[in-house]
2 protein chains.
Amino acid sequence: MKEEFRLDNQLCFRLYTASRLLTQAYNPLLSAHGLTYPQYLVLLVLWENDAQPVNDIAKRLCLETNTVTPLVQRMEKQGIVTRAKGTNDARQIIVSLTDKGQQLQTALTDVPFAVGGAVACKSLTPETVPALFQTLDDMIAQLKKNLKRDT
Amino acid sequence: MKEEFRLDNQLCFRLYTASRLLTQAYNPLLSAHGLTYPQYLVLLVLWENDAQPVNDIAKRLCLETNTVTPLVQRMEKQGIVTRAKGTNDARQIIVSLTDKGQQLQTALTDVPFAVGGAVACKSLTPETVPALFQTLDDMIAQLKKNLKRDT
DNA sequence: TACTTTTGTATCGCGAACGATATAAATAAC
DNA sequence: GTTATTTATATCGTTCGCGATACAAAAGTA
């Protein structure tokens, strides 16, 4: 059994697990409002900049448009966003928040704090978090570059 | 726009993205052998300890059995593992590696190195990785505790 | 022993993720 | 101006991931 194959030596498995468990911490808070975690991410994007084409949302979330399209379609059905043909570019679909989508920001005010409480641990302090963010951002940038390369 | 809602301040989004992109780095290497990343994780578990019940595999990977069951069923169809009723406990299904499953370990020898190359960045050094692992493990332990609490 | 509860798997349904493919609109090339 | 290429979405098929549920085996209880 080679050392590189030990599960406890895998960075990816840790990220995968941490990501899933942290998402699970969001779930009860979001599902109370009929939302999923990826839908919440779309809301975060639109709260920052409303009325964006599908492609921009996808790029911001590092997702494919064929993931975002049905995601946004479900959100449209729930009356959270609207989808309208772009005026400049008729190929684009501009996704915009409805009043309901705007108001969710107020309804979800305490979500970041509640989740923060669920992850709070001695390894996550105001001193360590910036370094962690830096490392993850660095990794993400590197992976984006390398994944794009062999396309 | 509250600061806590900014996408760039989200730990979860970083973990989610890093996890997905790193998984994508595994994909071409694994799909060349007909494997997916979660299937690869099952192999890692079985290479460490062959012949485990579904429940133990699920616990090791922090997954639900209703995720692992169909995963393992697909691996059985591919001739990578066998599934057999437990002798002590007739409810258990013991998952064991076939010869093909064993041999994949050799075939995939270079996967950890190739993936290591794809994430290699200045933030990931022999000095920083242990701290990163520690932080992620700490977070995961904390989340497990808190998620279990409200069950 | 008979009954209840727990445990281990499995099935079902839905929402991601994503590769592959399709289609129409915009752009580039000629 | 016509043709070729790229770009923005969308659809389809497969595999996760998980909540809800079902069911049989095991363990606990009366």
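Overview of the structure.

So, how was this worked out
- Residues numbered from 1 in each chain as written.
- Chains lettered and ligands numbered in written order.
- Predicted model: local features only at pLDDT ≥ 70, side-chain atom pairs only at ≥ 80, totals over all residues.
- Heavy atoms only, no water.
- Contact = heavy atoms within 4.5 Å.
- Buried area = accessible area lost by both parts, 1.4 Å probe.
- Salt bridge = Lys/Arg side-chain N within 4 Å of Asp/Glu carboxyl O.
- Helix = DSSP H or I, 4+ residues; strand = E, 2+ residues; numbered from the N terminus.
- Nonpolar A, V, L, I, M, F, W, Y, C, P; charged D, E, K, R; others polar.
- Near = heavy atom within 4 Å.
- Polar contact = N/O pair within 3.5 Å; in protein donor to acceptor, adjacent residues only side chain to side chain.
- Least-squares fit on C-alpha atoms with pLDDT ≥ 70 in both.
- Pairing = 2+ DSSP bridges.
- Axes fitted to C-alpha atoms, helices over the stretch in contact; angles between N-to-C directions.
- Phe/Tyr/Trp six-rings, centres within 6.5 Å; stacked < 30°, edge-to-face > 60°.
- Lys NZ or Arg CZ within 6 Å of the ring centre and 35° of its normal.

### What to know about the interface of chain A and chain B
Of the residues lining the interface, 63 residues belong to chain A; the matching set on chain B comes to 63 residues. In total, chain A and chain B occlude about 6,300 Å² of area from one another, counting both sides; carbon and sulfur atoms represent 69% of this. Here A:D8 and B:R60 are joined by a salt bridge, their closest N and O atoms 3.5 Å apart. Listed by contribution, the elements that provide at least two residues to the side of chain A that touches chain B are helix 1 (11-31), helix 2 (37-48), helix 3 (54-61), helix 6 (111-119) and helix 7 (129-149) of chain A. If one sorts the elements of the side of chain A that touches chain B by residue count, helix 1 of chain A sits on top with 16 residues. Split into classes, the residues belonging to the side of chain A that touches chain B amount to 37 nonpolar, 14 polar and 12 charged.

### Comments concerning the protein's contact with DNA strand C
Near DNA strand C, the surroundings consist of 26 residues, among which A:T36, B:Y16, B:Q24, B:R83 and B:R91 are the closest. Between DNA strand C and A:R74, the relevant distance is 2.8 Å, taken from a sugar or linking oxygen to a side-chain nitrogen or oxygen of the residue. A distance of 2.5 Å separates a phosphate oxygen of DNA strand C from a polar side-chain atom of B:R83. Elements supplying a minimum of two residues to the surface near DNA strand C: helix 2 and helix 4 (65-77) of chain A together with helix 1 (11-31), helix 3 (54-61) and helix 4 (65-77) of chain B. Split by residue class, the surface near DNA strand C holds 8 nonpolar, 12 polar and 6 charged.

### Remarks on the relation of the copies chain A and chain B
With an axial shift of 0.0 Å and an RMSD of 0.0 Å, the rotation relating chain A to chain B amounts to 180°. Read as a symmetry element, the transformation amounts to a two-fold axis. Minimal C-alpha separation from the rotation axis in chain A is found for A:L15, amounting to 3.0 Å. A share of 100% of the interface residues of chain A reappears at the interface of chain B, consistent with the copies meeting face to face through the same patch.

### Description of the sheet that holds strand 3 (residues 93-97) of chain B
All names here are of chain B. Reading across the sheet, the 3 strands line up as 1-3-2 and stay open at both edges, with antiparallel pairing between neighbours. The sheet terminates laterally at strand 1 (52-53) and strand 2 (81-85), the two strands that pair on one side only. Note that strand 1 and strand 3 share 2 bridges and pair antiparallel. Looking across to strand 3, one finds that Q52 is bridged to V95. The sheet contacts of helix 2 (residues 37-48) involve strand 1, strand 2 and strand 3, and relative to strand 3 the element is tilted by about 85°. Together, strand 2 and strand 3 form the strand contacts of helix 4, whose direction differs from that of strand 2 by roughly 120°.

### Some thoughts on the packing of aromatic side chains
Inspection of every chain in the model, using the stated rule, returns 12 aromatic pairs over all chains. Through a chain of ring-to-ring contacts, the aromatic side chains of A:F13, A:Y16, B:Y26, B:Y37 and B:Y40 assemble into a single cluster. Just above the ring of A:F133 sits the side chain of B:R14; from NZ or CZ to the centre is 3.8 Å. If you follow B:R20 out to its NZ or CZ, it ends over the ring of B:Y16, 4.8 Å from the centre.

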